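Overview (structure and organization)
Spelled out from the first residue to the last, the chains are:
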Protein chains: 2
Amino acid sequence: MNTLYHYALSPFCRKVRLSLAEKKIEVGLVEERYWERDPDFMRRNPAGKVPVLKMDGMTMSDSAAICEYLEEAYPTPNLLPRDPKARFEARRLVGWFDDKFYHEVTAMLTGERVNRKVMGTGYPDSSNVKAGAKAIKYHLDYMAFLLEDRRWLAGNDMTLADFAAAAQLSCLDYTSDVDWNRSEAVKDWYAKIKSRPAFRSILADEVPGFTPAAHYADLDF
Amino acid sequence: MNTLYHYALSPFCRKVRLSLAEKKIEVGLVEERYWERDPDFMRRNPAGKVPVLKMDGMTMSDSAAICEYLEEAYPTPNLLPRDPKARFEARRLVGWFDDKFYHEVTAMLTGERVNRKVMGTGYPDSSNVKAGAKAIKYHLDYMAFLLEDRRWLAGNDMTLADFAAAAQLSCLDYTSDVDWNRSEAVKDWYAKIKSRPAFRSILADEVPGFTPAAHYADLDF
Ligand SMILES: N[C@@H](CCC(=O)N[C@@H](CS)C(=O)NCC(=O)O)C(=O)O
Ligand SMILES: N[C@@H](CCC(=O)N[C@@H](CS)C(=O)NCC(=O)O)C(=O)O
């Protein structure tokens, strides 16, 4: 059986869960409280980060490397286009959401609100929360700009870029940090991706002590 | 003419420079003081980060996406193995150095020492410097562990993982932050990669106001 060691509100885990589900690869989910640095976990991934995927005889870490592997070993359906330039654009946006968006927004909002409490490292740092709330506006506007002449973020087909973005936004939506009224185009895009069967398990996530936003699992939000 | 907008002591720029040079793709280097957020630069890359590569009619950003593009469009020489599992391992390590190593080590040492002065944001934060100096030991030991039964970091062939690692370490070496006596295996590995023609331009880098370590460009260090 394939196993994914994950944490529900980790966007990198969610990106991998979406890829696996879209490719219809079954996987057992095991919650990993990575901040406790359990010795078994540290042996699986000396980087001490989630996600970790046990599959095909390997113990894999790094969500970007995992998604590229899944794409090569399980190409149906494709989550990257065929043309090298179009592949570049999809990967550029994966990098945008995994690196820039995560550090500027998700870590500042969902990270501060949930992780600190769960990990017992104190109260949210209000200057971080403020910075995240400001940054998300810029990012939503950038997404709206991309969606002006594209059906999906990287072009006219759904790609890993959409999963990378939805992985971040779904964490923020759990903590009510997304203003869906800011852009019709972004809201429509999220409604489209949220209604895919691959999204179901994410919408069913519950973190003890944190009730998700009322509309979190609502397909008609 | 291809153009790379870069900053000398940015490890992500160095990784791309190494890939380009190894593939014998000529490129003009333009220094980008990215923290000044010049409007032309922000138009080229709304993420406001270096590297940015103008090539093949595109203006590309995100070093991981750029390196994958170069690998697909200019496959000689290959910097990723052929087998999906071996490719996974190379990419996992690229992620390790770009994400974990960079945040835990390079940003804490070279980042604190050079960038703060150049950008005018004050003195190095000594608790960061201390944390970086501690973390680099763990990372060098991890590299030594990998090199116990591999010729290169990801296996018996040189890959992007070696460039990702050498890109970080060469920045740290510029600021005398690497203890090469910690591991013979790591030192030998660095000597091997440092002597490649692709490394020459990096060894010639000079940041005004910061003299590199005496042995920085020395192939016999
Ligand atoms: N580059 C990694 C990043 C994963 C990551 O940062 N995960 C966070 C949880 S959202 C984590 O495990 N952090 C623990 C740590 O950095 O020590 C990936 O894409 O898998
Ligand atoms: N994921 C990006 C990271 C690049 C990056 O962080 N570059 C730094 C310089 S070493 C930068 O431009 N930082 C400016 C900023 O984050 O605003 C890549 O791989 O290209």
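All of these numbers come straight from a predicted model, not from anything done at the bench. (Residues numbered from 1 in each chain as written. Chains lettered and ligands numbered in written order. Predicted model: local features only at pLDDT ≥ 70, side-chain atom pairs only at ≥ 80, totals over all residues. Heavy atoms only, no water.)

1. Focus on the site of ligand 1
Looking at ligand 1, the residues that line it are Ser 10, Pro 11, Phe 12, Tyr 34, Gly 48, Lys 49, Val 50, Pro 51, Asp 62, Ser 63 and Tyr 102 of chain A together with Asp 99 of chain B. The local environment of ligand 1 is shared, drawing residues from chains A and B. Between an oxygen atom of ligand 1 and a main-chain N or O atom of Val 50 of chain A, the distance comes to 3.0 Å. Within the side chain of Asp 99 of chain B, one N or O atom sits 2.7 Å away from a nitrogen atom of ligand 1. (Near = heavy atom within 4 Å. Polar contact = N/O pair within 3.5 Å; in protein donor to acceptor, adjacent residues only side chain to side chain.)

2. Some details on the packing of helix α4 (residues 84-106) of chain B against helix α6 (residues 126-147) of chain B
Residue and element names in this part refer to chain B. The geometry of α4 relative to α6 is characterised by a closest axis approach of 9 Å and an angle of 160° between their N-to-C directions. With respect to α6, the element α4 is oriented roughly antiparallel. In contact with Arg 92, Leu 93, Trp 96, Phe 97, Lys 100, Phe 101, Glu 104 and Val 105 of α4, α6 contributes Ala 131, Gly 132, Ala 135, Ile 136, Tyr 138, His 139, Tyr 142, Met 143 and Leu 146. Tallied by class, residues from the contact of α4 with α6 come to twelve nonpolar, two polar and three charged. (Axes fitted to C-alpha atoms, helices over the stretch in contact; angles between N-to-C directions. Helix = DSSP H or I, 4+ residues; strand = E, 2+ residues; numbered from the N terminus. Parallel < 35°, antiparallel > 145°, perpendicular 65-115°, else oblique. Contact = heavy atoms within 4.5 Å. Nonpolar A, V, L, I, M, F, W, Y, C, P; charged D, E, K, R; others polar.)

3. What to know about the domain arrangement of chain A
Many structure descriptions define interface size as the accessible area lost when the parts assemble. Residues and elements named next belong to chain A. Along its sequence, chain A is carved into domain 1 (3-73) and domain 2 (84-201). For domain 1 versus domain 2, the separation of C-alpha centres amounts to 20 Å. Across the contact, 19 residues belong to domain 1 and 23 residues belong to domain 2. With both chains or domains summed, domain 1 and domain 2 bury close to 1,900 Å², and 66% of this area falls on carbon and sulfur atoms. Interface area lost by domain 1 to domain 2 is led by Leu 9, Leu 18 and Glu 22, which between them contribute 32%. Remark: the boundary between domain 1 and domain 2 carries three salt bridges. (Domains from an automatic or database assignment. Buried area = accessible area lost by both parts, 1.4 Å probe. Salt bridge = Lys/Arg side-chain N within 4 Å of Asp/Glu carboxyl O.)

4. Considering the relation of the copies chain A and chain B
Between the two copies, chain A and chain B, the superposition gives an RMSD of 0.0 Å; the rotation angle is 180° and the shift along the axis is 0.0 Å. Such values leave the two copies arranged in the relation of a two-fold axis. If distances are taken from each C-alpha of chain A to the rotation axis, the shortest is found for Asp 99 of chain A, at 4.3 Å. Both copies contact each other with a shared surface, as 100% of the interface residues of chain A are interface residues in chain B too. (Least-squares fit on C-alpha atoms with pLDDT ≥ 70 in both.)

5. Re the pattern of salt bridges
Under the defined criterion, the tally for this structure stands at 38 salt bridges over all chains. Among the salt bridges present, the one from Glu 112 of chain A reaches Arg 116 of chain A, with a minimum N-O distance of 2.4 Å. Separated by four residues within a single helix, Glu 112 of chain A and Arg 116 of chain A lie in helix α5 (residues 110-119), roughly one turn from each other. According to the relative accessible area criterion, Glu 112 of chain A is buried, its value standing at 7%. Note on Arg 116 of chain A: relative accessible area 25%, which makes it partly exposed. Between Arg 92 of chain B and Glu 89 of chain B there is a salt bridge, with its nearest N and O atoms 2.9 Å apart. Taken together, the residues span about one helical turn, with Arg 92 of chain B and Glu 89 of chain B both in helix α4 at a distance of three residues. Taken individually, Arg 92 of chain B and Glu 89 of chain B each receive the classification buried, so the pair is uniform in this respect. Shared partners join several salt bridges into a network, and the residues in it are Glu 68, Glu 72, Arg 87 and Arg 91 of chain A together with Glu 68, Glu 72, Arg 87 and Arg 91 of chain B. (Buried < 20%, exposed > 50% of the residue type's maximum accessible area, 1.4 Å probe, protein only.)

6. Section: the UniProt feature "domain: GST N-terminal" (unreviewed entry) in chain A
According to UniProt, the feature "domain: GST N-terminal" (unreviewed entry) maps to residues 1-78 of chain A in the numbering used here. Regarding residues 1-78 of chain A, the helix share stands at 37% and the strand share at 21%, and the terminal C-alpha atoms are separated by 23 Å. (UniProt positions renumbered as here; feature names shortened; annotations may be inferred.)

7. Points about the packing of helix α7 (residues 160-174) of chain B against helix α8 (residues 184-194) of chain B
Residue and element names in this part refer to chain B. Across the interface, α7 lies against α8 with an axial gap of 11 Å and an inter-helix angle of 95°. Considering their axes alone, α7 and α8 lie roughly perpendicular with respect to each other. Listed contacts from α8 to Asp 162, Phe 163, Ala 165, Ala 166, Leu 169, Ser 170 and Asp 173 of α7 are Trp 189, Tyr 190, Ile 193 and Lys 194. Of the residues belonging to the contact of α7 with α8, the class tally is seven nonpolar, one polar and three charged.

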